[in-house]
Structures are given as C-alpha cells and as structure tokens.
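Residues per chain, in single letters:
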Amino acid sequence: MNLINQKEILHRIQSRVNLNRFVKGIFLVATLLVLAVLALLLFRLISQGAGHLSLDFLGNYSSRFAAKAGIKAALVGSILLMLVVAPVTLIIGVATAIYLEEYAPKTKLTNLIVINISNLAGVPSIIFGLLGLTVFVRGLMLGKSVLAAGLTMSLLVLPVIIVSSQEAIRGVPSDLREASYGMGAAKWKTILHVVLPAAIPGIATGCILALSRAVGETAPLVILGIPVIVYFLPTGLLSEFTALPMQIFDWAKRPQPEFQTVAAAGIVVLMVFLLLLNSLAVYIRYKYQKRY
Amino acid sequence: MKKAKNLVAATMIGSALLLGACGQGDGKSKSSEAEQTAKADEVAESNISGDGSSTVAPILEGIVEEYSASHPKTQVSVGVSGTGGGFEKFINGETDFSNASRPVKDEEAAKLKEAGIDYTEMKIAYDGISIVVNKDNDWVEDLTVDQLKEIWTENGKNKKWSDINPKWPKEKISFYSPGTDSGTYDYFVNDILEGKDLVKNATLSEDDNVLVKGVESDKNGIGYFGFAYYLANKDQLKVVKIGGIEPTHETIKSGTYTPLSRPLFVYVKNKSVKENASMYNFMKYTIENAGEMAEAVGYVKTPDEDYKKDLEALENLK
C-alpha cells in the first residue's frame, strides 16, 4: 500500500520550490542593496578623504587653509564628551532598568512610565538640544561646556540604554533567579551576582550603540551653540570645546571645494571612532555570551 | 562571574574618577575667573567666547588661528549660529563678542539694554552681496535695483522670467536665498525689498553651498550670497551686474557697487574688555588685522579711518 501519494506531491512540489526560490531571491536582493549602498558610501568617503588623512590631520587644529586643517580639537572634544556621557548614562540607565524590571510593582503607573521611556527614545534630538540649552547651558549656567553638552547627550541616549537594559534583564531566565533565592541569596545579591552578569551582553550592546549615537549627533550641539572655531584643547569639564560632527558640518559648509575633501577625511575619522566603539560591543558580547 | 564583578567595579571607579575630575574642572575655572578679575595680563589663562554670522566667521577664523599661535594661553572660541542666533546669545550674556553681517536691530538693542549689556560696534570689513544665475543663463546680464526688487518680492504668483522682461524666456524662476537667521537675508529683505516679503517658494538654506549647488544645477535659478562664496565658485556661476556695476574688490571698496555692498561688524561687550586684559588684547589684534584677513578670505577692507575709529573706541573702553 502506498502511504504517500507520490503523484500528488510531485504535482504540487514544483510551485513550492519556486515560491521558495522567489522569496530567497527577494531577501538576497534586499541584503545586496543595503551592502551596495554601504559599499558606495564607504568608497566615496575613503576615495575623497584618503588624500587628506595623515598624522598631521589628527594632530593639527583646523585652519583657514584646507591643506593645513586638522581635527585635533574636535577629536579630543568628542572623546571628552564620551567620558561624560558614558558613566552618566551607564549608571543612571542601568539603575533605572534594574528598578523597573526587578523592584517596581507591576502597576498601571509603572506601565505608563515604561511606555513613556520608550516614546522618549523616538523624540527628535533637536528637542533634547533645546532642553539642554534651557536647563544646562542657561539654567545651571554651565555654558557651552563639555559637561553641559555631555549631560544633554546623556538625556538623549538614556531612553535607548534603559530600554535595551530592560530587555536584557528580562531575558535572564527566571530559573537562575529562583536558584539563587533557593540558595538563600537576598534580592540585591541575586541581582548583582546572577542577573547583571547574565544580562551584560545585552546591556553592553545597548550602551555602545547609544554612545555611538551620541558621538554622531549634530543637531543638539548646533542648538547648544557649540563653537567651531576652536584652537585649544579643553582643559576640564567646564571648558568650551568643539566636537567631531560640528567640525565636519563646518567644513562641509565652506565655499572652497578643497574643504569638501577635509570634511570627507573628518567623516572617515568619525567612522573609525564609531567602528572602534562598535567592535568593543561585539567583543563584550562575544566574551560574555556563552556563559548561560 | 568574577570578570563581571570587575567590570562593575571598573565602571564605578571610572565614574568616581570622573566626578573627581569634574570637581577639579570647577575649581580651575573659578580660579581663572579670579585671575580675570584681578586684571591679569595676557600671560594668564583666559577664555574669550564669540558667536554670530557665518559671513564674518572666515575673517575671525583667520584671526583666531594666528592669534592662538602666538597667545596659546588665551582660549578663543567662536561659534557660527548666524547673525540673529549670535545676538540671541550675546543678549543672554553667553558671549564676549558677536559677529554680524548687518547692524544690530532695534529690538535686539532694546533687549541688550534691558539685560544691562553695553556694547560697542566695530566695523571690520565690507562685503558685496552677489547676485548669481546659472552659467547657461544667456538673457540676464544686468539688473536694475527695481528689477531685482520685482524678481524677489512675493506677489502671490509663480514668477516667470518673461514677467520681468518680455524678451526673456517664459520659464519659471527658481529662487535660492540664505536662511532667515542669516544677516545676509535680513540685509536683502530690509534694504533691497524695503521690508516686503521675499518670494515664498524660495529655497532657504543657512548653508551657502546649498545655494551655490542649487543655482549651478538649475538653468532658471537665481540666488544671492556673500562675495566670498561667489569668488570661491566663480567658474560655476555667472554673476549679475547691478545697475551696470559688477561686484569686484574695487567696486565694493570704492562704494560704487551700491546698494548691495554692506559693512560687516563685530559687536564687543564693553564689560569684557574692561575686566579682561586678554579680551582687550585680542580685540586690538582683531582690529589691526581684520583688513588684511578680510582681503585674504575674499572680502574687502574698510577705509583706514574706520579701523582707527574702532581702535580709539576700544582704548576708551579699557
């Protein structure tokens, strides 16, 4: 007796195989399209900017002569900016996520807060710029300092970090928590030694992506009035400074076509900076991933 | 698990260090403030902050670049928020000087008075607003001021070249103008259009390169911007004569390129000059070198008497 009707299968299998191929083709084209755009972008930037990239470019201040223009002030400014944003967002962001996930009672109010934090992540960055201008630059009289800009950027990326940390903490299997409680560990001990270590890959990824965003954002800096003609390195957190995106923006606006090359070189530096941050995220992820 | 703990510890130590550094920064700036009030000479560390017009920025950039090389302890920073944006910060007391491509407006002057900020106007260079059209535009050579007004004033219709002169093509004009925060826009609307509305369908941009690219790629495009931008893109654009006069160094300097040549200013906060010796020093350097730097970046220096007057005014502030 024939359990399988071979004929019927052969009759319908061709259309299924075709559908399969078709769908696979669509996905392949989509991926290739993205890759092509990325490759084109990289090629344009590097072919345009490579000529201007050199150690002098990293070690010089900007200049009115394109050939002498360098990115020192902006690079140091951006690094210092990250030194403010990273600890502020990491501590406040992760603490908020722990509270919301582990401690907060699951009431409607908590829900409302969680939803609003997610919504904040979608607020245009220029709005945060206005907030920073009113609160930090003028309200707290911090001026156009590294600290004021750093706090503004922190507000901008905090929602991203909170949401991704929440996801990471939620993703820790409850077996682990229960096992820890079963061993007699208190809640804080459980969070510190069991939940957080397990959630680190997710938290780290969220943090680094948020920081990458903070490095590249221009609009809030423009609103804060961060200067671009800066021929000194910031001396402290209350010093005025300039940042990579501002400097690139300024170069791109110059009338002389040679400055477009300088701007491209600046973008390459910014991209390398971003890639370094991202590869750090990949590294942390890889390192802590296989533990559970 | 242990590594995770280390990581947590590292972040905590890192942030503690940072908070410490923050405190240190605070102390430092206070001490430099104290130095300033003690009328320190130019050797002491000092901050000078300016903002304003993107038209004036290239001149200041050259000056700051040269000044910083010889006075590394004076930290001068200059933003480029546009003339209006610059005055807003000046009124707020955030800056020591403000660059402007038009004189201060009455309402801005009133707000400055209200804020108790005394200031001095310094004329540092001349610019000629250049009217440009596409290279392939073979009909517009010379415009009268009235024609210019007719072209740029909003009348509720889509304008064609033939509306201005019946001999010109029946094609729609596309407009490229600096943005509303720029002094160039203000000057054009106030002095050429006499306060009437600029055409509504104009492409407005604070980035003059957008305007250059726009006119360059649009056969029916017309735009205006500072002389320096025209000079840098001379080969891609065609400049229009106004009343038979082409904008050149000579015509702008001699004042024959009217009414489109305009002075560029730096507004100085009197109190900053008085209290900060470095500020006096820097402004003196600025006035002494503005003419030369203006010429180098594509503007025109003002007559020597203007600089003399500026210097005298500065001496009186000290």
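Above this text is the structure in question.
A quick note: this is a predicted structure, and the numbers were derived from the prediction, not measured.

Q: Break down the overall build of chain A for me, with residues and values.
A: Broken down by element type, chain A carries 11 helices and one strand. When the helices and strands of chain A are read in sequence order from the N terminus, they spell out α-α-α-α-α-α-α-α-α-β-α-α. For chain A, the spread of C-alpha atoms along the three principal axes comes to 90 × 55 × 35 Å. In chain A, which comprises 292 residues, the proportion classed as buried is 45%. Summarising the internal contacts of chain A: among those between residues at least 6 apart in sequence, 75% fall at separations of at least 24. Accessible surface for chain A amounts to roughly 15,200 Å². Of this, 71% is attributable to carbon and sulfur atoms. Of the side chains in chain A, 24 bear a positive and 11 a negative charge, and the two mean positions are spaced by 3 Å.

Q: Can you tell me about the interface of chain B and chain A, naming the residues and giving the values?
A: Many analyses report the size of an interface as the accessible area lost when the parts associate. Counting residues at the interface gives 40 residues for chain B, matched by 43 residues for chain A. Summed over the shared surface of chain B and chain A, the result is five salt bridges. One salt bridge connects Glu88(B) with Arg138(A), and the closest N-O pair in it is separated by 3.1 Å. For the pair chain B and chain A, the interface holds 15 residue pairs in polar contact (both at pLDDT 80 or more). Those elements that provide at least two residues to the side of chain B that touches chain A are α1 (2-37), β1 (46-52), α2 (57-70), β2 (74-78), α3 (82-91) and α9 (227-232) of chain B. If one sorts the elements of the side of chain B that touches chain A by residue count, α1(B) sits on top with 12 residues. The pairing of strand β1 (residues 229-230) of chain A with β2(B) spans two bridges and is classified as antiparallel. Bridge assignment links Ile229(A) to a residue of β2(B), and that residue is Val78(B).

Q: So what about the nonpolar core? Which residues, and what values?
A: Core analysis: the biggest nonpolar cluster contains 96 residues, and Ile59(B), Phe97(B), Ile124(B) and Phe282(B) have the highest contact counts within it. Sort the elements by how many residues they give to this core and helix α8 (residues 187-216) of chain A lands first, with 11 residues. Counting residues in each nonpolar core, the second largest holds 43 residues, with Leu148(B), Phe188(B), Val189(B) and Ile252(B) among its members.

Q: Explain the side chain of Arg177(A) to me, using residue names and the numbers behind them.
A: The residue Arg177(A) is located in helix α7 (residues 174-182) in this model. The residues contacting Arg177(A), other than those within four sequence positions of it, are Glu102(A), Ile169(A), Val172(A), Thr190(A) and Val195(A).

Q: Can you break down the packing of α7(A) against α8(A) residue by residue, with the values?
A: All names here are of chain A. The interhelical angle for the contact between α7 and α8, taken along N-to-C directions, is 130°, at an axis separation of 10 Å. The orientation of α7 with respect to α8, classified from their angle, is oblique. The hand of the α7/α8 crossing is right-handed. Between α7 and α8, the residues in contact are Leu176, Arg177, Ser180 and Tyr181 and Lys187, Thr190, Val194 and Val195, respectively. Its residues assigned to classes, the contact of α7 with α8 comprises four nonpolar, two polar and two charged.

Q: So, the pattern of salt bridges: which residues are in play, and what are the values?
A: Tallied over the entire structure, the rule returns 16 salt bridges over all chains. A salt bridge links Glu217(A) to Arg213(A), with the nearest nitrogen and oxygen atoms 3.3 Å apart. Take Glu217(A): its relative accessible area is 15%, and that puts it in the buried class. Residue Arg213(A) is classed as partly exposed on the basis of its relative accessible area of 28%. Where salt bridges share partners, they join Arg102(B), Lys105(B), Glu108(B) and Asp186(B) into one cluster.

Q: Tell me about the sheet that holds strand β8 (residues 203-205) of chain B, residues and numbers included.
A: All names here are of chain B. Strand order across the open sheet formed by five strands is β8-β7-β9-β5-β10, with mixed pairing between neighbours. Among the strands making up the open sheet, the edge pair consists of β8 and β10 (237-239). Each strand of the sheet is rotated relative to its neighbour by a mean of 25°, with strand direction disregarded. With four bridges joining them, strand β5 (residues 130-134) and strand β9 (residues 221-225) adopt antiparallel strand pairing. Of the residues in β9, the one forming a bridge with valine 132 is glycine 223.

Q: I'd like a description of the sheet that holds β1(A), backed by residues and values.
A: Across the sheet, six strands lie side by side as β1(A)-β2(B)-β1(B)-β3(B)-β12(B)-β4(B); this open sheet has mixed pairing. Of all the strands in the sheet, just β1 of chain A together with β4 (119-128) of chain B have a single pairing partner and so form its edges. With four bridges connecting them, strand β3 (residues 97-100) of chain B and strand β12 (residues 261-269) of chain B associate as antiparallel partners. By the bridge assignment for β12(B), Ala100(B) is matched with Phe265(B).

Q: Talk me through the pairing of β1(B); I want residue IDs and the actual numbers.
A: Residue and element names in this part refer to chain B. In terms of burial, β1 is largely enclosed, as six of its seven residues are buried. Here β1 runs beside β2; their pairing, made up of five bridges, is parallel. Residue pairing in the sheet places isoleucine 48 in a bridge with valine 76 of β2. After leaving β1, the chain enters α2 and then returns to the sheet as β2, a path that is right-handed. Where β1 lies against β3, three bridges are found, and the strand directions are parallel. Along β3, the bridge assignment pairs glycine 50 with phenylalanine 97.

Q: Explain the environment of Leu276(A) residue by residue, including any values.
A: Residue and element names in this part refer to chain A. For leucine 276, the position within the fold is in helix α11 (residues 258-289). Classification of leucine 276 as exposed rests on a relative accessible area of 58%. Here the alpha-carbon distance between leucine 276 and asparagine 116, two residues 160 residues apart in the chain, equals 32 Å.

Q: How would you explain the packing of aromatic side chains if you had to name every residue and give the values?
A: Taken as a whole and judged by the stated rule, the model has 17 aromatic pairs over all chains. Taking the centre distance of 6.1 Å and the plane angle of 65° together, the rings of Tyr61(A) and Tyr231(A) count as edge-to-face. Taken together, the residues Tyr61(A) in the loop between α2 (55-59) and α3 (72-103) and Tyr231(A) in the loop between β1 and α10 (244-253) connect sequence positions 170 residues apart. Classification of Tyr231(A) as buried rests on a relative accessible area of 8%. Ring geometry for Phe87(B) and Tyr267(B): centres 5.2 Å apart, planes at 65°, overall edge-to-face. Placement of the pair is Phe87(B) in helix α3 and Tyr267(B) in strand β12, with a sequence separation of 180 residues. Cluster of aromatic residues (ring-pair linked, three or more members): Phe87(B), Phe90(B), Tyr119(B), Phe265(B) and Tyr267(B). The positively charged end of Lys253(A) is found above the aromatic ring belonging to Phe249(A), 4.9 Å away from the centroid.

About the thresholds
- One numbering rule holds for all chains: residues counted from 1, following each sequence as written.
- Just so you know, chain letters begin at A and ligand numbers begin at 1, following the order they were written in.
- pLDDT decides what is reported in this predicted model: residues at 70 or higher carry local features, side-chain atom pairs at 80 or more are listed and counted, and totals for whole chains, interfaces and linings draw on all residues regardless.
- In computing side-chain values, all of the structure's heavy atoms are included and hydrogens and water are not.
- By definition, any uninterrupted DSSP run of H or I lasting at least four residues is a helix, any uninterrupted run of E lasting at least two residues is a strand, and each is numbered from the N terminus.
- Each residue is placed in one exposure class: buried if its accessible area under a 1.4 Å probe, protein chains only, is under 20% of its type's maximum, exposed if it is over 50%, and partly exposed if it falls in between.
- Residue contacts follow a heavy-atom distance rule, with two residues in contact if any of their heavy atoms lie within 4.5 Å.
- Calculation of accessible area relied on Shrake-Rupley with a 1.4 Å probe; when residues are assessed, cover is drawn exclusively from the protein chains displayed.
- In summary, the charge assignment counts Lys and Arg as positive and Asp and Glu as negative, without counting His or the chain termini.
- Think of each charge as sitting on NZ of Lys, CZ of Arg, CG of Asp or CD of Glu.
- Salt bridge criterion: a side-chain nitrogen from Lys or Arg within 4 Å of a carboxyl oxygen from Asp or Glu.
- The definition of a polar contact used here is a pair of N or O atoms within 3.5 Å, where within protein one atom must be able to donate a hydrogen and the other to accept one, and adjacent residues in sequence count solely through side-chain atom pairs.
- Strand pairing is assigned whenever DSSP detects at least two bridges linking the two strands.
- The term nonpolar core refers to a set of buried residues drawn from Ala, Val, Leu, Ile, Met, Phe, Trp, Tyr and Cys, joined through side-chain atoms within 4.5 Å.
- Comment: axis = line fitted to C-alpha atoms, over the contacting stretch for helices; angle = value between 0 and 180 degrees taken between N-to-C directions.
- Roughly parallel refers to an angle under 35 degrees, roughly antiparallel to one over 145, roughly perpendicular to one between 65 and 115, and oblique to any angle outside these ranges.
- Crossing handedness follows the turn of the near helix against the far one: under a right angle anticlockwise gives a left-handed crossing, and clockwise gives a right-handed one.
- Under this grouping Gly is polar, as are all residues other than the nonpolar Ala, Val, Leu, Ile, Met, Phe, Trp, Tyr, Cys and Pro and the charged Asp, Glu, Lys and Arg.
- By convention, orient the strands away from the viewer: a clockwise path from the first strand over the helix to the second makes the crossover right-handed.
- What counts as a ring pair is set by centres within 6.5 Å for rings of Phe, Tyr and Trp (its six-membered ring), and what kind of pair is set by the plane angle: stacked under 30 degrees, edge-to-face over 60, tilted for all other angles.
- Whether a charge lies above a ring is judged from NZ of Lys or CZ of Arg, which has to be within 6 Å of the ring centre and within 35 degrees of the ring normal.

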